[in-house]
Amino acid sequence: MKKRRLHTNQLTPDRNLAYKFILLMGIISLLGDIVYEGARSISGPYLAFLGAGASIIGIVGGIGEFVGYALRLVFGYFADKTKAYWTLTIIGYGLLLSIPLLAFSNSWQIAAFLLIMERMGKAIRSPARDAILSHATKQVGRGWGFGIHEALDQIGAIIGPLIFSAVFLLNSQYKTGFGILIIPVVILLMLLFFARSKVPSPQKLEVSIESDKQINSYDNKNKWSKTFWLYTFFTLLSVMGFVQYPIIAYHLNVNSIISNVWIPIFYAIAMGIDGITALIIGRTYDNIGLKTLLIIPIATLVIPFFAFSYSKIFILFSIIIWGIVMGIHETIMRAAIADLIPLERRGTAYGIFNTVYGLSMFIGGTSIGFLYEISLSYVVTFVVIIEIISLIFLYSLIRNVNQRANA
């Protein structure tokens, strides 16, 4: 049975409230990205400024990403058990205060601790926030709702690094840049409390409609069925072959292909493409469903062929493709979870998804970095093989969903 769509001109009170709520949560994420993407864009050089070596910087970054993803499973499960979605979201965003505190750090150890605490905040808030957001997207379309949120989110991801660029152009120091970031943190927390006061129970926006059957991998006898695990393995593999930006930036730097000034600008371009893609792909997902995910492995296996070239045009093309893939990761991969899992277990589902995503990024990043030092041909081979296998899981997923829909 096909999913019943809400017409875009059907402006019910709940739908109108959902749109406003999604926009408000998007602005909150925008402010959050200004803070942590701004900090992440220069965290490596800042730790080096405080005396850390390359190995320490790598370890701090690795621990931060592991904490930021692995603990989402714990906090997602905790959110479902306690129903404290707003509390966890507020605590998680509150830990963004660790970034302005970097202005007062006088050793790399303190700075490293604060950076890891920010990642801890990401782990605490992400499953709860996505579960909250998923209720509102039910009213406007999963893909479109998450697309709007991601587009706003990426505006912040562009602004954050540019704040530090402006600070350095004005001959100011790191501490000035970190100090400025207290402003978006304070505004963010004020808006977060306002959002909670306006929509204290977001789950009420998700109306149960008998004729609106989810893709739904869940049933009472089997908490996580075959459809969900096919999606999980597809996520694991497709993300594993995704070449991460730090490796691309390393290639550009060590081979002197472009100057260091342009490396963050290329990243900002990718973030802009990410935001535009989120809106387009979100609407596409609402129209054709999981088939939209086919773009991920196909586009991902193209990236290393161009990203590791020595042509600026080819590399810029790879950055555009990279931004497109990132936009799909952050939009319809999250939207699909909301369609696959009922609201009672959605926090746990987002926790599982994010943990798998982070584990895949860790394995893939480590593998590609190791293979890069041996031969670029090994990197290309690894990515192509992994993405082809992920396509097999995606084909099985789509076939399984179609069978359930026609049953």
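Structure first, text after, so check above.
These notes cover the structure that comes with them.

Rules of the game
Residues numbered from 1 in each chain as written. Predicted model: local features only at pLDDT ≥ 70, side-chain atom pairs only at ≥ 80, totals over all residues. Heavy atoms only, no water. Helix = DSSP H or I, 4+ residues; strand = E, 2+ residues; numbered from the N terminus. Buried < 20%, exposed > 50% of the residue type's maximum accessible area, 1.4 Å probe, protein only. Contact = heavy atoms within 4.5 Å. Areas by Shrake-Rupley, 256 points an atom, 1.4 Å probe, with all protein chains shown as cover. Axes fitted to C-alpha atoms, helices over the stretch in contact; angles between N-to-C directions. Parallel < 35°, antiparallel > 145°, perpendicular 65-115°, else oblique. Left-handed = near helix turned anticlockwise from the far one by under 90°. Core = buried A, V, L, I, M, F, W, Y, C linked by side-chain atoms within 4.5 Å. Patch = residues over 30% accessible without salt bridge, like charges linked within 9 Å, V, L, I, M, F, W, Y side chains within 5 Å. Salt bridge = Lys/Arg side-chain N within 4 Å of Asp/Glu carboxyl O. Phe/Tyr/Trp six-rings, centres within 6.5 Å; stacked < 30°, edge-to-face > 60°. Lys NZ or Arg CZ within 6 Å of the ring centre and 35° of its normal. Expected span 1.5 Å × (residues − 1). Bend = angle between axes of the 7 residues up to and from the residue. Nonpolar A, V, L, I, M, F, W, Y, C, P; charged D, E, K, R; others polar.

Another aspect to go through is the overall build of the chain. Of the regular secondary structure elements, the chain holds 15 helices and zero strands. When burial is assessed residue by residue, the chain has 56% of its 407 residues classed as buried. The long-range fraction of contacts in the chain, counting pairs at least 24 apart against all pairs at least 6 apart in sequence, stands at 84%. Counting every atom, the chain has about 17500 Å² of accessible surface; 69% of that belongs to carbon and sulfur.

Between two packed helices, both the angle of their axes relative to each other and the distance between the axes serve to describe the pair. In contact at an axis separation of 10 Å, helix α10 (residues 262–288) and helix α13 (residues 332–340) are set at 30° when each is read in the N-to-C sense. Considered as vectors, α10 and α13 are oriented roughly parallel to each other. Relative to α13, α10 is oriented so that their crossing is right-handed. Seen from α10, the contacting residues are I281, G282 and Y285; seen from α13, they are I332, A335, A336 and D339.

This paragraph deals with the nonpolar core. Membership of the largest hydrophobic core comes to 122 residues, with the highest contact counts inside it found for F178, Y231, L293 and W322. Of the residues forming this core, the biggest block, 16 residues, is contributed by helix α1 (residues 13–49). Setting aside chain neighbours within four positions, we find L293 in contact with Y231, F234, I332, M333 and L394.

What follows covers the environment of P202. Locating P202 in the fold gives a position in the loop between α7 (182–198) and α8 (226–240). For P202, a relative accessible area of 4% corresponds to the buried category. When the C-alpha atoms of P202 and Y85 are compared, they prove to be 9.6 Å apart, with 117 residues separating the residues in sequence. Contact partners of P202, with chain neighbours within four places excluded, come to F21, W86, I132 and H135.

In this section: a nonpolar patch on the surface. Together, L97, I180, I182, I183, V186, I187 and M190 make up an exposed nonpolar region whose accessible area comes to about 580 Å². With five residues, the top contributor of residues to the nonpolar patch is α7.

All right, on to the packing of aromatic side chains then. Counted by the stated rule, this structure contains 15 aromatic pairs. With a centroid separation of 5.4 Å and an interplanar angle of 55°, the aromatic rings of F308 and Y372 are classed as tilted. Of this pair, F308 sits in the loop between α11 (295–307) and α12 (312–330) while Y372 sits in helix α14 (residues 346–374), and the two are 64 residues apart along the sequence. Taken together, the ring pairs connect Y46, F49, F164, Y174 and F178 into an aromatic cluster. Positioned above the aromatic ring of Y93 is the side chain of R125, whose terminal nitrogen or guanidinium carbon lies 4.5 Å from the ring centre. In this arrangement the basic side chain of R283 is found over the ring face of W144, its NZ or CZ atom lying 4.1 Å from the centre.

Given a rise of 1.5 Å per residue, 27 residues ought to cover 39 Å, and the 38 Å separating the end C-alpha atoms of α10 matches this to within 8%. If you look at α10, its biggest bend is around 25°, right at T277. One or two residues past the end of α10 sits G289, with phi positive at roughly 75°.

The subject of this paragraph is the packing of helix α5 (residues 142–169) against α13. One way to put it is that α5 packs onto α13 with a least axis distance of 9 Å and a crossing angle of 145°. Where α5 crosses over α13, the handedness of that crossing is right-handed. In this structure, α5 contributes R142, G143, F146, H149 and E150 to the contact, and α13 contributes R334, A335, A338 and D339. Looking at the contact of α5 with α13, its residues break down into three nonpolar, two polar and four charged.

The subject of this paragraph is the pattern of salt bridges. All told, the structure shown has four salt bridges when counted by the stated rule. Residues D130 and R334 are paired through a salt bridge, measuring 2.9 Å at the closest nitrogen-oxygen approach. Here the residue D130 occupies a position in helix α4 (residues 108–140), and R334 occupies one in helix α13, the gap between them amounting to 204 residues. One exposure class covers both D130 and R334, and it is buried. In this structure, R334 and E150 form a salt bridge, with 3.9 Å as the shortest nitrogen-oxygen distance. Of this pair, R334 sits in helix α13 while E150 sits in helix α5, and the two are 184 residues apart along the sequence. When sorted by exposure, R334 lands in the same class as E150, which is buried. The network of salt bridges with common partners includes R129, D130, E150 and R334.

Before going further, it helps to examine the environment of L50. By secondary structure assignment, the location of L50 is in the loop between α1 and α2 (54–82). In the structure, L50 is positioned 58 residues away from W108 in sequence and 5.1 Å away in space, judged by C-alpha atoms. Sequence-distant contacts of L50, that is, excluding residues within four places in its chain, are made with S105, N106, S107, W108 and A111.

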